Amino acid sequence: MSFAEDRFNEECAVFGIFGHADAGALTVLGLHALQHRGQEAAGIVTYDGIQFIAERHPGLVGDVFGKNSAHAQKLKGTQAVGHTRYSTTGGSVARNIQPMFADLAGGGIAIAHNGNLTNARALRAELVREGAIFQSTSDTETIIHLMARSTYNPVVDRLVGALKQITGAYSLVALTGRKLIGARDPFGVRPLVLGQLDGAPVLASETCALDIIGADLVRDVEPGEIIVATRDGIESFFPFKPRPQRFCIFEYVYFARPDSTVEGRNVYEARKRIGEELAREAPVAADIVIPVPDSGVPAALGYAAESGIPFELGIIRNHYVGRTFIEPSDRIRHLGVKLKHNPNGAMLKGKRVVLVDDSIVRGTTSKKIVEMVRDAGAAEVHFRIASPPTTNSCFYGVDTPNEEELLAHAMTVEEMRLHIKADSLAFVSIDGLYRATGQARRDPAHPQFCDACFSGDYPIELSDIAGGRKDAQLSLLAEVA
Ligand code: SF4
């Protein structure tokens, strides 16, 4: 199992720009900044005034659209939408690469989507019964089929009509010949921001994509809001029944880039505050605080600042080990986690170490890292986790293992400590996590975020789940019969 596979992985990012001479190239840059949200495939659709041009390929953004890329050179036009996709399965990648494109009665439309529909299985079965022929297993295609069957005429009405039939978490961008459209689900689970560059509206999953192109942040797209950008300006609609806002709190723990500001909070600052909460809730006598790089760094800095224990880089990350790295032989395969992380022995020898990571998923990597730090000479290893125990799977657009595979689902904290062989193990509390985002605590009657992977409190009905079988929920990644 690779390091990436023992993480919750964000499945997608979206980007869109309207009315800019460099729309294609700017979308390449925007997707490059959003690479952390999806590394399996990248796609861009532009409109050149006459036709749509679609380039969708497996690989990293730099591989697909990098310097001298023939794909990038084809992206003519002043408006574009783009997408990066994460997937754990290779077989279904090509036909699921977004943005998806369709010729509807009123003209062509390209749609890119981040999230997961929770009634897609039922909708899809109904559409297939009515004669729809699906080309992919992606939720996005379900939205397109619903739009195609709509009796409304304007494309925005068709989209709203389709979105009113679906439940789930989504942030999407859509491009027609005359419009760039952005939409966020009524609970606002996944992020989407509106920016502006040289007067051109920009939509992106995170602000880091605005930064890379020099665009200004205008604001977050509101939960349940539809933004429509045309040559005449921007219009905003709220066509859905208002719902309580439940932004994904895991964006602050791990998914979003630390230099992004989501829902008005800088991610790096939030992560540092989680580390401070952790130090207050789970203090320990130790000589150094070290992060599991890179995602544990801000929380470890916060822990060190609050506890007064020095922060050190006790583990060095090799940034050049990609997801496609092929271990050259069985003989060295056992080196495992050291391909990506190497202990800084001189720093660790004889020390009582506080080791900080963002989360424990299956526990496979955690166990190896604790062992690695101990083997490098640490006298004690105290593991501190900058999120509560992940006891439940996510069905809102994040690739997670089945519940049974989550270590915290099967074990108590003490059992987990014994399993990963740490001297002590502690997780930040759910109230501590909320405090780090500026809330007083989690209000059980009205939680301010989606925190279902910690609490089991799913804000959006999982209607594809039959008889309590959560594995019956359609996933973006699932093959569908
Ligand atoms: Fe985020 Fe967890 Fe909710 Fe999924 S279940 S949206 S990862 S908080």
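Residues numbered from 1 in each chain as written. Predicted model: local features only at pLDDT ≥ 70, side-chain atom pairs only at ≥ 80, totals over all residues. Heavy atoms only, no water.

Colleague: Summarise the packing of helix α6 (residues 139-148) against helix α7 (residues 155-165); cite the residues concerned and give the values.
Modeller: At a minimum axis distance of 8 Å, the contact between α6 and α7 shows a crossing angle of 120 degrees. Overall, the two elements α6 and α7 adopt an arrangement that is oblique. For the pair α6 and α7, the crossing hand works out as right-handed. In this structure, α6 uses I143, L146, M147 and A148 to contact α7, whose residues at the interface are V155, R158, L159, A162, L163 and Q165. (Axes fitted to C-alpha atoms, helices over the stretch in contact; angles between N-to-C directions. Helix = DSSP H or I, 4+ residues; strand = E, 2+ residues; numbered from the N terminus. Parallel < 35°, antiparallel > 145°, perpendicular 65-115°, else oblique. Left-handed = near helix turned anticlockwise from the far one by under 90°. Contact = heavy atoms within 4.5 Å.)

Colleague: Tell me about the pairing of strand β4 (residues 52-58), residues and numbers included.
Modeller: Strand residues, when the strand is regular, have side chains that alternate between the two faces of the sheet. The pairing of strand β3 (residues 41-47) with β4 spans 7 bridges and is antiparallel. Residue pairing for β4: T46 is matched across the bridge by I53. Connecting the antiparallel pair β3 and β4 is a turn made up of 4 residues, with G49 showing a positive phi of about 100 degrees. (Pairing = 2+ DSSP bridges.)

Colleague: Give a description of helix α1 (residues 23-33) that names residues and reports values.
Modeller: Counting buried positions along α1 gives 8 out of 11 residues, so the element sits mostly inside the fold. Buried within α1 are the following residues: A23, G24, L26, T27, V28, G30, L31 and A33. Buried positions along α1 lie against β2 (12-18), β3, α2 (61-65), β5 (79-85), β10 (193-197) and α8 (207-213). (Buried < 20%, exposed > 50% of the residue type's maximum accessible area, 1.4 Å probe, protein only.)

Colleague: Got a sec to walk through the site of the ligand? Specific residues and values, please.
Modeller: Taken together, V189, R190, C248, I249, F250, F255, C394, Y396, C450, D451, A452 and C453 make up the full set of residues near the ligand. The site holding the ligand turns out to be the largest cavity. For the shell around the ligand, the secondary-structure elements that each account for two or more residues are α9 (250-255) and α18 (452-455). Partitioning the shell around the ligand into residue classes produces 10 nonpolar, no polar and 2 charged. (Near = heavy atom within 4 Å. 1 Å grid on protein atoms, 1.4 Å probe; cavity = no way out; pocket = protein on both sides within 12 Å on 5 of 7 lines; lining within 4 Å. Sits in = over half its atoms within 2 Å of the grid points. Nonpolar A, V, L, I, M, F, W, Y, C, P; charged D, E, K, R; others polar.)

Colleague: A description of the sheet that holds strand β22 (residues 380-385) should follow, citing residues and the corresponding values.
Modeller: Taking strand neighbours across the sheet as the criterion, the 4 strands line up as β18-β21-β22-β24 in an open arrangement whose pairing is parallel. In this open sheet, the two edge strands, each paired with only one partner strand, are β18 (288-291) and β24 (424-427). On average, each strand axis in the sheet is tilted by 20 degrees relative to the strand beside it, whichever way the strands run. Here β18 pairs with strand β21 (residues 352-357) via 4 bridges, running parallel.

Colleague: For the packing of aromatic side chains, give the residues involved together with the corresponding values.
Modeller: A full pass over the atoms with the stated rule returns 10 aromatic pairs. Residues F52 and F101 carry aromatic rings whose centres are separated by 4.9 Å and whose planes lie at 50 degrees to one another, so their mutual orientation is tilted. Remark: F101 occurs in strand β6 (residues 100-104) and F52 occurs in strand β4; sequence separation between them is 49 residues. Under the relative-accessibility criterion, F101 is labelled partly exposed at 31%. Ring centres of F250 and F255 lie 4.9 Å apart, and the angle between their planes is 20 degrees; on these two criteria the pair is classed as stacked. Accessibility assignment for this pair places F250 and F255 in one class, buried. Positioned above the aromatic ring of F134 is the side chain of R124, whose terminal nitrogen or guanidinium carbon lies 4.0 Å from the ring centre. (Phe/Tyr/Trp six-rings, centres within 6.5 Å; stacked < 30°, edge-to-face > 60°. Lys NZ or Arg CZ within 6 Å of the ring centre and 35° of its normal.)

Colleague: Residue-level account of the confidence of the model for the chain, with values.
Modeller: Of the residues in the chain, 89% have a pLDDT of 70 or more, and the chain-wide mean is 90. A low-confidence stretch, residues 323-328 stays under pLDDT 50, and its non-local contacts, those more than four residues away or across chains, total 8 contacts. (pLDDT = per-residue confidence, 0-100.)

Colleague: Describe empty space enclosed by the protein, and please don't skip the residues or the numbers.
Modeller: For the coordinates displayed, the defined rule picks out 2 cavities of 30 Å³ or more. Roughly 90 Å³ of internal volume is contained in the largest cavity. Secondary-structure elements contributing two or more residues to the lining of the largest cavity are α9 and α18. Looking at side-chain class alone, the lining of the largest cavity contains 14 nonpolar, 1 polar and 1 charged residues. (Points joined across faces, edges and corners; volume = space filled by probe spheres on them.)

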